[in-house]
Amino acid sequence: MTQFTNQEIIRERVRQARYSFNLALIATGLSACISLVGAGLLLSGKVPEGTVTAAGGMAASVRCTQLAKDTNDRLDKILRELKDED
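This report concerns the structure included in the present document. (Residues numbered from 1 in each chain as written. Predicted model: local features only at pLDDT ≥ 70, side-chain atom pairs only at ≥ 80, totals over all residues. Heavy atoms only, no water.)

This part takes up the overall build of the protein chain. Along the backbone of the protein chain there are 2 helices and 0 strands. Taking 12 Å as the expected radius of gyration for a compact globule of 86 residues, we find that the protein chain reaches 19 Å, considerably beyond that expectation. With respect to the principal axes defined by its C-alpha atoms, the protein chain has extents near 65 × 15 × 10 Å. Counting the 86 residues in the protein chain, one finds 17% classified as buried. (Helix = DSSP H or I, 4+ residues; strand = E, 2+ residues; numbered from the N terminus. Rg over C-alpha atoms; globule rule 2.2 N^0.38 Å. Buried < 20%, exposed > 50% of the residue type's maximum accessible area, 1.4 Å probe, protein only.)

If you want it as structure tokens, here you go:
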């Protein structure tokens, strides 16, 4: 019974990790687009708007990267726990 419960927990964690990774990938793409818009505004002479937009895009991109890293770290921890059980 315990093994079955562990397998369910592992499947759920992997499912969540997959969704987190996909979300991070999409958000990173959107952040890159926002950063490009900010760069375009900077080049067109609208410095305040461009600065805010570019900074927002970069901040979102950094957060998405951290989210994906946290997900990978959790999966690595699960893998180590499984190896320790065997």
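Further remarks concern helix H2 (residues 47–85). Here H2 contains 39 residues, and its C-alpha end-to-end distance of 57 Å stays within 8% of the 57 Å for a straight helix at 1.5 Å per residue. Among the residues of H2, those classed as buried are Gly50, Ala54, Gly57, Cys64, Ala68, Thr71 and Ile78. (Expected span 1.5 Å × (residues − 1).)

Position of aspartate 70 among the secondary structure elements: in helix H2. For aspartate 70 and alanine 59, which are 11 residues apart along the polypeptide, the C-alpha to C-alpha distance reads 17 Å.

This part takes up the pattern of salt bridges. Considering all chains together, one arrives at 1 salt bridge under this definition. With a closest N to O distance of 2.9 Å, lysine 69 and aspartate 73 form a salt bridge. Within this pair, lysine 69 and its partner aspartate 73 are both found in helix H2, separated by 4 residues, close to a single helical turn. (Salt bridge = Lys/Arg side-chain N within 4 Å of Asp/Glu carboxyl O.)

Right, let's talk about a positive patch on the surface for a bit. On the surface, a cluster of positive charge is made up of Arg13, Arg74, Lys77 and Arg80. Here the element with the most residues in the positive patch is H2; it accounts for 3 residues. Summarising the element assignment, arginine 80 is placed in helix H2. (Patch = residues over 30% accessible without salt bridge, like charges linked within 9 Å, V, L, I, M, F, W, Y side chains within 5 Å. Areas by Shrake-Rupley, 256 points an atom, 1.4 Å probe, with all protein chains shown as cover. Lys, Arg positive; Asp, Glu negative; His and termini not counted. Charge placed at Lys NZ, Arg CZ, Asp CG, Glu CD.)

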